[in-house]
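If you want the building blocks of each chain, they are given just below.
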Amino acid sequence: MTYLINPKITVRQSNIVIGTILGGSSLVKPAKGKNCYLSMRSKDLEWISWKSDELKDVANVDPITKEKTYRWHSICYPLFNDYYKQFYHQNKRTLNIDTLNLLQEMSIAVWFKDCGKIKSNKAIFNTNIWKEKGSKTIIKYFKSLEWECEMFKERNNFRIRLSEDSTQEVLDMMKNLD
């Protein structure tokens, strides 16, 4: 079914969608469909259930299990086409500084929860889906926040590591996930 009218979503929900996309979830543009939908998966049922509950206004499904992974997807709404234009170019993921400059704390917290980890008291973002160019854009953005960071490769994948002080700022943002 094609929906022509968007549901009303809150700023919080929009920030969760943006953080989820940054963290590796996909916007899917069906071959014969008019609207995109958000698709996410995780091995953490509690986390995907939290996001599912937060985004219940854009879906009518609970997470499902497939091949030991929990999956969830939204309904195809026009609003996801706008996100698609923001994060994809010629059907490939793309990232620009203008998009990152719109981020709020909730977006960053969700992004980190989706693809980050703490190692030796330092936050590490897995940025491989954004390739080298996108990872450099993220470095530029983090530095605009006055976060000390560096890009590196781990098992041939791009990562960004924050300093201990900058890590603490991210951890403080995580408190907003309640």
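Computed from a predicted structure; not experimentally measured. (Residues numbered from 1 in each chain as written. Predicted model: local features only at pLDDT ≥ 70, side-chain atom pairs only at ≥ 80, totals over all residues. Heavy atoms only, no water.)

Asker: Looking at this structure, how should I read a negative patch on the surface?
Answerer: On the surface, a cluster of negative charge is made up of Glu-146, Glu-148, Glu-164, Asp-165 and Glu-169. The topology assignment puts Glu-146 in the loop between helix H6 (131–144) and strand S9 (149–154). Its relative accessible area of 70% is what places Glu-146 among the exposed residues. (Patch = residues over 30% accessible without salt bridge, like charges linked within 9 Å, V, L, I, M, F, W, Y side chains within 5 Å. Areas by Shrake-Rupley, 256 points an atom, 1.4 Å probe, with all protein chains shown as cover. Salt bridge = Lys/Arg side-chain N within 4 Å of Asp/Glu carboxyl O. Lys, Arg positive; Asp, Glu negative; His and termini not counted. Charge placed at Lys NZ, Arg CZ, Asp CG, Glu CD. Helix = DSSP H or I, 4+ residues; strand = E, 2+ residues; numbered from the N terminus. Buried < 20%, exposed > 50% of the residue type's maximum accessible area, 1.4 Å probe, protein only.)

Asker: Help me understand the pairing of strand S10 (residues 157–162), please; the structure alone is not making it clear to me.
Answerer: It is a general feature of regular strands that their side chains alternate between the two faces of the sheet. Here three bridges tie strand S8 (residues 122–126) to S10, and the two strands are oriented antiparallel to one another. From the neighbouring strand, Phe-125 faces S10, where its bridge partner is Ile-160. Pairing analysis gives six bridges linking S9 to S10, with the strands arranged antiparallel. Considered in S10, the bridge of Met-151 is made with Ile-160. Linking S9 to S10, which pair antiparallel, is a turn of two residues; within it Arg-155 sits at a positive phi near 50 degrees. (Pairing = 2+ DSSP bridges.)

Asker: So what exactly am I meant to see when it comes to helix H5 (residues 105–115) here?
Answerer: For H5, the tally of buried residues reaches eight of eleven residues, placing the bulk of the element in the interior. If you check which residues of H5 are buried, you get Met-106, Ser-107, Ile-108, Ala-109, Val-110, Trp-111, Phe-112 and Cys-115.

Asker: Teacher, can you tell me more about the sheet that holds strand S4 (residues 69–73) here?
Answerer: Backbone-to-backbone hydrogen bonds join strands into a sheet, with any given pair of strands oriented parallel or antiparallel. As summarised here, the arrangement of the four strands in space is S1-S2-S4-S3, forming an open sheet in which the pairing is antiparallel. For this open sheet the edge positions go to strand S1 (26–28) and strand S3 (64–66), each flanked by a neighbour on one side alone. The average undirected angle you get between the axes of adjacent strands in this sheet is 35 degrees. As paired strands, S3 and S4 are joined by three bridges and run antiparallel to one another. Bridge pairing links Thr-65 to Tyr-70 in S4. The sheet strands contacting helix H2 (residues 45–54) are strand S2 (37–42) and S4, and the helix crosses S2 at an angle near 160 degrees. (Axes fitted to C-alpha atoms, helices over the stretch in contact; angles between N-to-C directions. Contact = heavy atoms within 4.5 Å.)

Asker: For this particular structure, what's the right way to read helix H1 (residues 11–22)?
Answerer: Taking 1.5 Å as the rise per residue, H1 with twelve residues should run 16 Å; its terminal C-alpha atoms sit 16 Å apart, in good agreement. Of all twelve residues in H1, ten are buried; the element is thus mostly enclosed. Residues of H1 that are buried: Gln-13, Ser-14, Asn-15, Ile-16, Val-17, Ile-18, Gly-19, Thr-20, Ile-21 and Leu-22. Immediately downstream of H1, the backbone of Gly-24 shows phi near 120 degrees, a positive value. (Expected span 1.5 Å × (residues − 1).)

Asker: Looking at this structure, how should I read the nonpolar core?
Answerer: In a soluble, globular protein the nonpolar side chains are often hidden away together inside. With 49 residues, the main nonpolar core has Leu-22, Phe-80, Trp-111, Phe-142 and Leu-162 as its most contacted residues. For this core, the element with the highest residue contribution is H5, accounting for seven residues. (Core = buried A, V, L, I, M, F, W, Y, C linked by side-chain atoms within 4.5 Å.)

So yeah, pure geometry; function would need other evidence.
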